[in-house]
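# Inside the fold
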Amino acid sequence: MDKLLIAGGTRLDGEIVISGAKNAALPILAATLLADEPVLIGNLPHLRDITTTVGLLRRMGVAVTMHEPMRLEIDPTTIDDLVAPYDLVRTMRASILVLGPLLGRHGSADVSLPGGCAIGARPVDLHIQGMRAMGADIDLTDGYIRARASRLHGARIVLDKVTVTGTENLLMAAVLADGVTTIENAAREPEVVDLANFLNSLGARIRGAGTSRIEIEGVERLHGGEYDVMPDRIEAGTYLAAAAATRGRVRAKRVSPGDLDAVLAKFAEAGAHIDTGDDWIEVDMRTRRPQAVRITTAPFPGFPTDMQAQFVAINAVAEGVGVITETIFENRFQHVLEMQRMGARIRLEGNTAVSEGVEQLQAAPVMATDLRASASLVLAALVADGDTMVDRIYHIDRGYECIEEKLAQLGASIRRIPG
Ligand code: UD1
C-alpha cells in the first residue's frame, strides 16, 4: 500500500489547476446508460473511483473508448448485462448510481448493496422508496437490490432527508418514465445541477435542479452528445485549506467561486484575504496564524461535510477555541483521533469536535480512514514539526488527482512511497 511522506513546516505559495469534479463525474458516467447513442464526456478527473466506474460500465458490456486523457467516448448501446456485482460495488458506494439509469432505460437492474467509506450507516432506503413510488418492483435478496419495471411512471416523491446520490438516482430513473415526476426536498448541490444540465443536453426535460423541487417530464429517448464535467469544489477547497493552515497563499484556477460561498465565508472568518475572479479563487493568510472557527455542516448551500475534516485541521493549529459540528454523517471524526496523536488538543462531544489550537503539531505515523479524513491528515502533516508518514492513502487516491504533484507545485515537501 502506498504511503505519503511529508516534511512539515513549509508555507504553501502558488497556483494550481483544479480537476473535474468526482461527485459530478460519477453520476454523469452512470447517466450515459440512458442514451441510445454514443456520448463523449470530458474534464474527467484521473481518479480511482472513475476507473472503477468505467470498469463497471465495461463489465456490463458498454464500449468505452479513450479519446485523449480524461475524455471518454461511451457507447451504451452495446450493454448486455444489467448487473453491478459486489466485487466492484464494495470498493465504491457510488456504484448505486447505475440503479436508476438501468431501471429507467432497460427495466431491470441487479445492484449489490454498497460498501464504500466507513462513515456511518449510509443507507440507500430513500433511493429504493422513490423507485417503488415510480412503479418499480424491488426485492432485497442475497445482498442485492433486484429491481424490475416494465416502464416507470411519474410520481411525486417527498424525500425524508436531503440525499445527494438519492436525488441523482431518482432524477435519472425519471428521465425516461411515463409522465411527470417531482422530487421534493431534493438535494441542491452543484453536482445535481451538473447532472441535470448534462441530461438536458441529451434531450431530457428537467426543471428546478439547484432548488429543493425538481420536476422531470419523461421523454421517449435521449440522444448522444458531448459534455464537460464541472470543476471539483471540494478539491479546490482542500488546497485553499492547505494555504490557510500553513499561513500561505494559494490560487485555485478553473473553479466556480459561487459553489464555495459557505466555505469562503469560513476562510474569511479565519482571517484569510480572499480574492476571486470568474474562474479562480485565492486564499492568502499573509503569514498570519488562522483564527479558530465555528462550523455546522449542512446540505448545500450550507457548509459541506466534505470540507469538515480539513477545517478540523485548520482549527487544530488556529488561535482560540474552535467548534465543528457534523450533522450529515455519524462517525465522521476518525481524523480527530489521528490528529490527537500529532499533539492536537481536540475533544469529541457527540457529533461536535471542540479544539483548542496549538502553535504547532508534531509529526507521527498516521493512518487514513476515509477520503476526506485522509486529506485532513495531509494538511496536519504539512504544519507538523518533522516527517509524517500517512498510511493507507488509497483513500486519498479515490478523490484527489496527483495530490503529491499538486502540493509539491505549491512548495510542499512531499513524496509518495510505493508499497
Ligand atoms: C454524497 C457525496 C459525498 C458527500 C455526501 C453529502 C457523491 C458520490 N458523494 O454522498 O461526497 O459527503 O453526498 O454531501 O456524490 N441517507 C439516508 N437514506 C438514503 C440516502 C441517504 O438515510 O437512502 C442519509 C445518509 O445516511 C446521510 C444523509 O442521508 O446521513 C446524506 O447522505 P447522502 O446525501 O445520500 O450522501 P451520498 O449521496 O452518499
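Presented here is a report on the structure given in the accompanying data block. (Residues numbered from 1 in each chain as written. Predicted model: local features only at pLDDT ≥ 70, side-chain atom pairs only at ≥ 80, totals over all residues. Heavy atoms only, no water.)

Before going further, it helps to spend a moment on the overall build of the protein chain. Of the regular secondary structure elements, the protein chain holds 14 helices and 26 strands. Expected size for 419 residues packed as a compact globule is a radius of gyration near 22 Å; at 21 Å, the protein chain falls within 12% of this value. Each of the three principal axes of the protein chain carries a C-alpha extent, and together these read 65 × 45 × 40 Å. Looking at the protein chain as a whole, 58% of its 419 residues are labelled buried. On the protein chain, roughly 15,700 Å² of surface is accessible, and the fraction owed to carbon and sulfur atoms is 46%. (Helix = DSSP H or I, 4+ residues; strand = E, 2+ residues; numbered from the N terminus. Rg over C-alpha atoms; globule rule 2.2 N^0.38 Å. Buried < 20%, exposed > 50% of the residue type's maximum accessible area, 1.4 Å probe, protein only. Areas by Shrake-Rupley, 256 points an atom, 1.4 Å probe, with all protein chains shown as cover.)

Running from amino to carboxyl end, helix α1 (residues 22–31) crosses helix α7 (residues 190–201) at an angle of 30°, the nearest separation of the two axes being 9 Å. The angle between the axes of α1 and α7 places the two elements in the roughly parallel class. Note on packing geometry: the crossing formed by α1 with α7 is right-handed. Contact with α1, carried on its side by Asn 23, Ala 24, Pro 27, Ile 28 and Ala 31, involves Glu 191, Asp 194, Leu 195, Phe 198 and Leu 199 of α7 and no other residues of that element. Here the contact of α1 with α7 is built from residues that sort into seven nonpolar, one polar and two charged. (Axes fitted to C-alpha atoms, helices over the stretch in contact; angles between N-to-C directions. Parallel < 35°, antiparallel > 145°, perpendicular 65-115°, else oblique. Left-handed = near helix turned anticlockwise from the far one by under 90°. Contact = heavy atoms within 4.5 Å. Nonpolar A, V, L, I, M, F, W, Y, C, P; charged D, E, K, R; others polar.)

Let us look at the pattern of salt bridges. Oppositely charged side chains can form a pair if their charged atoms are brought close together. Per the stated rule, a full pass over the model turns up 33 salt bridges. Here Glu 215 makes a salt bridge to Arg 207, at a shortest N to O gap of 2.5 Å. Assessed through its relative accessible area of 48%, Arg 207 is described here as partly exposed. Among the ionic pairs, Asp 284 bridges to Arg 286, the shortest N-O distance being 3.9 Å. For Asp 284, a relative accessible area of 16% puts it in the buried group. Within this structure, Arg 156, Glu 184, Arg 207, Arg 213 and Glu 215 form a network of salt bridges that share partners. (Salt bridge = Lys/Arg side-chain N within 4 Å of Asp/Glu carboxyl O.)

Roughly 210 Å³ of internal volume is contained in the second largest pocket. Ala 245, Thr 246, Arg 247, Gln 360 and Val 383 are, among the 13 residues lining the second largest pocket, the residues nearest its centre. Each residue belonging to the lining of the second largest pocket can be placed in one class, and the counts come to five nonpolar, four polar and four charged. (1 Å grid on protein atoms, 1.4 Å probe; cavity = no way out; pocket = protein on both sides within 12 Å on 5 of 7 lines; lining within 4 Å. Points joined across faces, edges and corners; volume = space filled by probe spheres on them.)

With respect to the element layout, Asn 315 can be found in helix α10 (residues 308–316). Apart from the residues within four sequence positions on either side, Asn 315 is in contact with Ala 292, Val 293, Gly 322, Val 323, Ile 324, Ser 355 and Gly 357.

Before going further, it helps to spend a moment on the nonpolar core. Counting 79 residues, the largest nonpolar core has Ile 41, Leu 199 and Leu 222 as the members making the most contacts within it. Of the residues forming this core, the biggest block, seven residues, is contributed by α1. Residues contacting Leu 199, with those up to four places away along its chain left out, are Ala 31, Leu 34, Met 172, Val 175, Ala 204, Ile 206 and Leu 222. Counting residues in each nonpolar core, the second largest holds 67 residues, with Val 312, Leu 371, Val 378 and Val 390 among its members. (Core = buried A, V, L, I, M, F, W, Y, C linked by side-chain atoms within 4.5 Å.)

What surrounds the ligand is a group of 18 residues, the closest being Leu 126, Thr 163, Thr 165, Asp 306 and Ile 328. One of the backbone N or O atoms of Val 164 is found 2.7 Å from an oxygen atom in the ligand. Between the ligand and Ile 328 there is a distance of 2.6 Å, counted from an oxygen atom to a backbone nitrogen or oxygen. Mapped by element, the contributors of at least two residues to the shell around the ligand are α5 (125–133) and α6 (164–174). Broken down by element, the residue count for the shell around the ligand peaks at three residues, all from α5. Considered class by class, the residues forming the shell around the ligand number seven nonpolar, five polar and six charged. (Near = heavy atom within 4 Å. Polar contact = N/O pair within 3.5 Å; in protein donor to acceptor, adjacent residues only side chain to side chain.)

Summarising the sheet, strand β20 (residues 345–349) and strand β21 (residues 352–356) pair through five bridges and their orientation is antiparallel. Looking at β21, one finds that Arg 345 is bridged to Glu 356. Connecting β20 to the antiparallel partner β21 that follows it, the hairpin turn spans two residues, and Gly 350 within it adopts a positive phi of roughly 60°. (Pairing = 2+ DSSP bridges.)

All right, on to α5 then. Within α5, burial applies to Leu 126, His 127, Ile 128, Gly 130 and Met 131. In the core, the buried residues of α5 are packed alongside α4 (99–106), β8 (137–141), β9 (144–148), β10 (156–158) and α6. Immediately downstream of α5, the backbone of Gly 135 shows phi near 100°, a positive value.

Turning our attention to the environment of Ala 268. Here Ala 268 is to be found in helix α9 (residues 261–269). Here Ala 268 falls in the partly exposed class, since its relative accessible area comes to 43%. Remark: the alpha-carbon pair of Ala 268 and Ala 244, spanning 24 residues in sequence, is separated by 10.0 Å.

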